[in-house]
Amino acid sequence: MKKISTLLLTGATMVSTLFLFSSHVQADADPEIRATDYEMQLKLNTRKNQLTEKVTMHIVNNSEKSVNNLLVRNIAYGVLNYDHKHFKNTKNATTKVKNITANGEKLSYSTGKDRSNLFVNKKLDVGQSTNITVNVVTGIPKRKDRFSYQNINHGKVYNLSFCFPYLSDFRNGKWNYHPYYDSGENRNTAVSNFHVSFFAPKSYKVAASGQNKTKNGKTTITAKNMRDLAIVTSNKFKIDHIYTNGVKVNNYYFSGKNSKNYNKLALLTAKDSFNIFTKKIGLYPYKELDMTEGLLGKDTGGMEYPGLVMIDGSNFVKNSTKKHSKAKKAAKKKTTESISGTSKYSDLTEDVSHEIGHQWFYATVGNDEYMEPWLDEGLTSFLENNVYGLTYTKSKALAAKLEHSSKYYTRKNITKANKLVAELAKKFIHDPKQKAYFINRPVNNSPKGVDTDEMAYEGGSSFSVILMETMGKKKFFNALREYYETYRFKQATTQDFLNIIHKYDNSEKVNYVIKKFIDPNYLK
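Just so it is clear, the model here is predicted, and its values are computed rather than measured.

S.K.: Sorry if this is basic, but what is going on with the environment of Thr 292 here?
M.R.: You can see Thr 292 is positioned in strand β22 (residues 288-294). Beyond its immediate sequence surroundings of up to four residues, Thr 292 is in contact with Ala 207, Val 232, Phe 237, Tyr 252, Leu 308, Val 309, Met 310 and Ile 311.

Here's what the structure looks like:
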């Protein structure tokens, strides 16, 4: 997810805020019990704003012990429970499990204190596999969110995510799950194959993870080797696309006064991001990527899924305005102090590059987003700010032109910004009294006085920048490429990341930086 930070993290301005806070590698095995395939029949009722779901999971027990129950998560309950407490108009949206079956036999289940958890009474011995089917009917809340619907341009758009039942992770001999966390993510899932039949009115265009084809209101979706699934559909979408690095990027957007600029800038940013991230880290593993415009709420710029990214269009969609944080408002008055101004166009490039960066860190290299959020948000913020953001690109040049700040966005100023990054990193390294700023903590236990977003986004990005400058760019990106390839379609930890860093540089300076950012009490 892209959060609109309380600190400005673009261009030269970003680097001035960096320091305000003042062996053998073996990839983790897959979960010991996992769902290798999901067969899903989904029916969208646009009159009732309701989703009927039939989800069949093929589950395999590769662990060393038998289990007497399977933990299925109806994550929609967690989302709606949060919505009911914070948004009055969402109380009519509920989720109900109709039944859970295996081979036609009805299975009993119990719920924990968190009613998202369904402990299904189904024994699965070592080496066995089974199919279980979950039937759920879920109401879709009307609000600006990643799971919601909104009225736009006299039509509707449905963001369908965090609403599909899935099998929880089984690692180290136990089921792993986390409560729903609205400000971030609680995902901790293995890579699976999704085979989906999605039914919606014929007038609706469908974007989805993986590849899809629509005929007579039925969309067939095939999403292989993905750790999550998202669908976005609207009867008002326009579609455009580009090809870059062998990948088809589809842009689903709404018509309007600014739609031409939105579409052109979003696609150009996607192209630049793919070119840079592919060169620096490695190949994107899928054939397509869908980008969808929508309304995601205050201080949220976008949301990531394998093969699909949601981009907040509040600055572009008619009758919807985006509220900037105080830092962003103040920054507008200081355009001349930055290599580019802060406007809806710069925001769009940041949002798109950030969410596309998640295709490398989260979609391909997974992590426990609740326990170690910096591994995806921090590394992705680094890609947004210091890889894409400090590389001269046509998309950033176009944004600067549209916001009338082209004279500030120059190759010369980009070079100055990169030099400033290096100078600040050296200052950090040579300061023996530098305070520790731990980033590898779970979302419910960030350091005192620091919120989770600062810890994961700003802290994780700052750690990556300083580490890069300490190691040298060549060694750092060689390590990052190996990390990406080693944990491709796996779930990595902070310790896994550090193991690879130490292969390339185990110097006193590097360990000093690690000591200041990584809390050893949370390494695993």
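After presenting the structure, the write-up continues.
S.K.: What am I meant to see in the sheet that holds strand β1 (residues 2-3) here?
M.R.: The strand order β1-β23-β24-β22-β21-β20 describes an open sheet built from six strands, whose pairing is mixed. Of all the strands in the sheet, the pair left with one neighbour each is β1 and β20 (237-244). Bridge count between strand β21 (residues 247-254) and β22: five bridges; the pairing is parallel. Along β22, the bridge assignment pairs Lys 248 with Glu 288. Helix α5 (residues 344-357) rests against β1, β22, β23 (300-305) and β24 (308-312) of the sheet, and its axis sits at about 160° to β24.

S.K.: Looking at this structure, I do not really get the sheet that holds strand β10 (residues 148-152). What am I missing?
M.R.: Sheets are built from strands that pair by backbone hydrogen bonding, the pairs being arranged parallel or antiparallel. In space, the four strands of this open sheet follow the order β10-β11-β19-β16, with antiparallel pairing throughout. Either end of the sheet is taken by a strand with one partner, and the two such strands are β10 and β16 (205-208). Here the strands of the sheet are splayed against their neighbours by 15° on average, with no regard to which way each runs. Here five bridges tie β10 to strand β11 (residues 155-160), and the two strands are oriented antiparallel to one another. The residue bridging Tyr 149 from the neighbouring strand is Tyr 158, located in β11.

S.K.: Would you take a moment to explain the pairing of strand β9 (residues 129-139) for this structure?
M.R.: Where a strand is regular, its side chains alternate between the two sheet faces. Of all eleven residues that make up β9, nine are buried, and the element is covered over most of its length. Pairing of strand β3 (residues 50-61) with β9 involves eleven bridges; the strand directions are antiparallel. The residue of β9 that forms the bridge with His 58 is Asn 131. One ladder, built from six bridges, connects strand β5 (residues 95-102) with β9; its direction is antiparallel. The partner of Lys 96 across the bridge, within β9, is Val 137.

S.K.: I would appreciate a short explanation of the packing of aromatic side chains in the present structure.
M.R.: For any two aromatic rings, the description comes down to two numbers: the centre-to-centre distance and the angle of the planes. Per the stated rule, a full pass over the model turns up 33 aromatic pairs. Considering the side-chain rings of Tyr 82 and Phe 87, the 6.5 Å spacing of their centres and the 55° angle between planes classify their relative orientation as tilted. You can call Tyr 82 partly exposed: its relative accessible area is 24%. For Phe 87, a relative accessible area of 30% translates into the label partly exposed. Relative to Tyr 345, the ring of Phe 316 has its centre 6.0 Å away and its plane inclined at 65°; by these criteria the two rings are edge-to-face. Within this pair, whereas Phe 316 is found in the loop between β24 and α4 (326-332), its partner Tyr 345 is found in helix α5, the two being separated by 29 residues in sequence. The exposure class assigned to Phe 316 is buried, which follows from its relative accessible area of 10%. Of the aromatic side chains, those joined through ring pairs into one cluster are Phe 361, Trp 374, Phe 428, Phe 463, Tyr 483, Tyr 484, Tyr 487, Phe 497, Tyr 512 and Phe 517.

S.K.: Quick question: what am I supposed to make of the side chain of Asn 159 here?
M.R.: Positionally, Asn 159 belongs in strand β11. Given the relative accessible area of 4%, Asn 159 is considered buried. Within polar-contact distance, the side chain of Asn 159 engages the backbone oxygen of Asp 145 at 3.0 Å. Ignoring anything within four residues of it in the chain, the contact list for Asn 159 reads Asp 145, Arg 146, Phe 147, Ser 148, Ile 231, Val 232, Leu 295, Leu 296 and Met 310.

S.K.: How should I be thinking about the pattern of salt bridges in this particular structure?
M.R.: Proximity of charged atoms lets side chains of opposite charge pair with each other. Enumeration over the complete set of coordinates arrives at 13 salt bridges. One salt bridge in this structure joins Asp 519 and Arg 441, with 3.0 Å as the shortest N-O distance. Pair noted here: Asp 519 is in the segment after α12 (508-517) and Arg 441 is in the loop between α8 (411-429) and α9 (452-471), with a separation of 78 residues, a long-range link. The exposure class of Arg 441 is buried, given its relative accessible area of 17%.

S.K.: Is there a simple way to explain the packing of helix α10 (residues 473-486) against helix α11 (residues 494-504) in this structure?
M.R.: When two helices pack together, their arrangement is given by the angle between the helix axes and by the axis-to-axis distance. Direction vectors running N to C along α10 and α11 enclose 140°, while the axes themselves pass 9 Å from each other. Taken together, the axes of α10 and α11 are oblique relative to one another. Between α10 and α11 lies a crossing of right-handed hand. Touching Lys 475, Asn 478, Ala 479, Leu 480, Glu 482, Tyr 483 and Thr 486 of α10 are Phe 497, Ile 500, Ile 501, Lys 503 and Tyr 504, all from α11. Of the residues that constitute the contact of α10 with α11, the class distribution is seven nonpolar, two polar and three charged.

S.K.: Which parts of the structure should I look at to understand the nonpolar core?
M.R.: Ranked by size, the top nonpolar core spans 141 residues in total, and within it Phe 198, Phe 463, Tyr 483 and Phe 497 carry the most contacts. With nine residues, α9 is the single largest residue contributor to this core. With residues up to four places along the chain from it excluded, the contact list for Tyr 483 reads Phe 361, Val 365, Leu 375, Leu 379, Ala 492, Phe 497 and Ile 500.

S.K.: Help me understand the confidence of the model for the chain in this model?
M.R.: Predicted coordinates in regions of low pLDDT should not be interpreted in detail. The pLDDT averaged across the chain works out to 90; a share of 90% of its residues lies at or above 70. Overall, residues 6-27 carries pLDDT values under 50, and its contacts beyond four positions in sequence, including any with other chains, amount to 59 contacts. Counting contacts from residues 323-341, a segment whose pLDDT is below 50, to residues more than four positions away or on other chains yields 41 contacts.

S.K.: Hey, could you run me through the packing of α9 against α10 in this one?
M.R.: Running from N to C, α9 and α10 point in directions that differ by 125°, and their axes come no closer than 6 Å. With respect to their mutual orientation, α9 and α10 come out oblique. Every residue of α10 that contacts α9 at Ser 464, Leu 467, Met 468, Glu 469 and Met 471 is listed here: Lys 473, Lys 475, Phe 476, Phe 477 and Ala 479. Looking at the contact of α9 with α10, its residues break down into six nonpolar, one polar and three charged.

S.K.: I'm lost on the environment of Arg 47 in this one. Help?
M.R.: Looking at the element boundaries, Arg 47 is found in the loop between β2 (33-45) and β3. Overall, the relative accessible area of 68% leaves Arg 47 in the exposed class. Sequence separation of Arg 47 and Trp 374 is 327 residues, and the distance between their C-alpha atoms is 40 Å.

S.K.: Just checking my understanding: could you explain α5 for this structure?
M.R.: Count 3.6 residues to each turn of an α-helix, and residues three or four apart come out pointing the same way. Over its 14 residues, α5 runs 20 Å from end to end, which matches the ideal 20 Å to within 8%, given 1.5 Å per residue. With 13 of 14 residues buried, α5 is to be regarded as a mostly interior element.

Reading guide: rules and limits
Residues numbered from 1 in each chain as written. Predicted model: local features only at pLDDT ≥ 70, side-chain atom pairs only at ≥ 80, totals over all residues. Heavy atoms only, no water. Helix = DSSP H or I, 4+ residues; strand = E, 2+ residues; numbered from the N terminus. Contact = heavy atoms within 4.5 Å. Pairing = 2+ DSSP bridges. Axes fitted to C-alpha atoms, helices over the stretch in contact; angles between N-to-C directions. Buried < 20%, exposed > 50% of the residue type's maximum accessible area, 1.4 Å probe, protein only. Phe/Tyr/Trp six-rings, centres within 6.5 Å; stacked < 30°, edge-to-face > 60°. Polar contact = N/O pair within 3.5 Å; in protein donor to acceptor, adjacent residues only side chain to side chain. Salt bridge = Lys/Arg side-chain N within 4 Å of Asp/Glu carboxyl O. Parallel < 35°, antiparallel > 145°, perpendicular 65-115°, else oblique. Left-handed = near helix turned anticlockwise from the far one by under 90°. Nonpolar A, V, L, I, M, F, W, Y, C, P; charged D, E, K, R; others polar. Core = buried A, V, L, I, M, F, W, Y, C linked by side-chain atoms within 4.5 Å. pLDDT = per-residue confidence, 0-100. Expected span 1.5 Å × (residues − 1).

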